[in-house]
Amino acid sequence: MKAGTGAAIRRLGELAVAIASGFSPYGRSPAGRGENVIRMIGTKDIQGGALELAHLERVTVPDAGKLAPYRVAAGDVLLMIRGGAFRSAVCGEETVGAIAGGNLAIIRLRPAAPIGPYLLHSMLSAPAGQAALRGLAQGSATLAIRPVMLGELEIALPEPEEATRLEALCRVLVALRATTLAALHAREQVVGGIVGRYVAAN
């Protein structure tokens, strides 16, 4: 994701504290055993650039402490790393305590990183970002990116003042998009309920 001439280029791995895989509840996973119930964010919960938390999957495990590497924190960027479109979203305070599920990567930027999570999310969502992610992906039928490969993603850094301004703008844009989608969904439900009554009557 290269910008104008003279922009500093850094690898994502240099900007992040960690880039890790999510938790897979399949195979030899401890999921389904034990009595500790954990909320899990899945790929279906990334909608329109935001997280839809109303219907998170619950998994039970014998030892919740062992899931610490998969727990998300506010400011983490979740990225779908398998499929045709590499959707992403930023975790807010309401996600604390949840874990990221399989087919997601958790990107945690360094506290002093020159870009913020909302700007990174917007960069990854932009056409140039999607093209760069597809360039990292492997596979033919289904594209997939290993989290370690994300560390090699090159990012052109804005000047500090510009990065601060863009971070604030991207944060507002994400909030606006989430509010708009929620309002649209509510109206669709109302209209669907009204129309559905007429269909049932006939």
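Criteria and cut-off values
Residues numbered from 1 in each chain as written. Predicted model: local features only at pLDDT ≥ 70, side-chain atom pairs only at ≥ 80, totals over all residues. Heavy atoms only, no water. Helix = DSSP H or I, 4+ residues; strand = E, 2+ residues; numbered from the N terminus. Contact = heavy atoms within 4.5 Å. Lys, Arg positive; Asp, Glu negative; His and termini not counted. Charge placed at Lys NZ, Arg CZ, Asp CG, Glu CD. Salt bridge = Lys/Arg side-chain N within 4 Å of Asp/Glu carboxyl O. Buried < 20%, exposed > 50% of the residue type's maximum accessible area, 1.4 Å probe, protein only. Core = buried A, V, L, I, M, F, W, Y, C linked by side-chain atoms within 4.5 Å. Arc of directions from axis to C-beta. Pairing = 2+ DSSP bridges. Axes fitted to C-alpha atoms, helices over the stretch in contact; angles between N-to-C directions. Patch = residues over 30% accessible without salt bridge, like charges linked within 9 Å, V, L, I, M, F, W, Y side chains within 5 Å. Areas by Shrake-Rupley, 256 points an atom, 1.4 Å probe, with all protein chains shown as cover. Disulfide = S-S within 2.5 Å.

**Remarks on the overall build of the protein chain**
Argument step 1. On a plain count of helices and strands, the protein chain comes out with five helices and 11 strands.
Argument step 2. Its C-alpha atoms give the protein chain principal-axis dimensions of about 65 × 40 × 35 Å.
Argument step 3. When contacts within the protein chain are restricted to residue pairs at least 6 apart in sequence, those whose partners lie at least 24 apart make up 72%.
Argument step 4. Distance between charge centroids for the protein chain: 6 Å, based on 21 positive and 16 negative side chains.

**Some remarks on the pattern of salt bridges**
Argument step 1. For the structure shown, the criterion picks out five salt bridges.
Argument step 2. Two residues, D76 and R108, come together in a salt bridge whose shortest N-O distance is 2.7 Å. In this pair, D76 sits in the loop between β6 (57–61) and β7 (77–80) while R108 sits in strand β10 (residues 104–109), placing the two residues 32 residues apart along the sequence.
Argument step 3. Judged by relative accessible area, D76 falls into the buried class, the value being 1%.
Argument step 4. Under the relative-accessibility criterion, R108 is labelled partly exposed at 32%.

**So, the nonpolar core**
Argument step 1. If you look at the biggest cluster of nonpolar residues, it comprises 31 residues, and the most contacted ones within it are I107, I115, L120, I145 and L150.
Argument step 2. Of all the secondary structure elements, the ones that give two or more residues to this core are α1 (12–15), β7, β10, α2 (117–125), α3 (127–136), α4 (147–150), β11 (154–157) and α5 (160–201).
Argument step 3. With five residues, α2 is the largest single contributor of residues to this core.
Argument step 4. For I145, the contacting residues outside a window of four places in its chain are I81, F86, L133, L136, A137 and L150.
Argument step 5. Of all hydrophobic cores here, the second largest spans 13 residues; its members include L51, A98, A100 and I106.

**A word on α3**
Argument step 1. Along α3, the positions that sit buried rather than exposed are G129, Q130, A132, L133 and L136. Along the axis of α3, the buried residues cluster in a sector spanning 160°; they form a single face. Facing away from the buried side of α3 by over 90 degrees, the exposed positions are P127 and G135.

**Examining the sheet that holds β7**
Argument step 1. Pairing in this open sheet of four strands is antiparallel, and the strands run β2-β10-β7-β8 from one edge to the other. Each edge of the open sheet carries a strand with a single partner, namely β2 (16–21) and β8 (88–90). When the angles between neighbouring strand axes are averaged without regard to direction, this sheet yields 15°.
Argument step 2. Examined bridge by bridge, β2 and β10 share five bridges and lie antiparallel to one another. Looking at the pairing, S21 lines up with A105 of β10.
Argument step 3. With respect to the sheet, α2 is in contact with β7, β8 and β10, its orientation differing from that of β8 by roughly 170°.

**Some thoughts on a nonpolar patch on the surface**
Argument step 1. A contiguous nonpolar patch, built from V190, V191, I194, V195, Y198 and V199 and spanning about 580 Å² of accessible area, is present on the exposed surface.
Argument step 2. In this structure, V199 sits in helix α5.
Argument step 3. On the accessibility criterion, V199 (59% relative accessible area) is exposed.

**Re the state of the cysteines**
Argument step 1. Enumeration over the complete set of coordinates arrives at zero disulfides.
Argument step 2. Residue C91 stays outside any disulfide, its sulfur separated by 17 Å from that of C170, the closest cysteine.
Argument step 3. Note on C91: relative accessible area 2%, which makes it buried.
Argument step 4. Looking at C170, the relative accessible area reads 9%, which means it is buried.

Distances and angles like these do not, on their own, reveal function.
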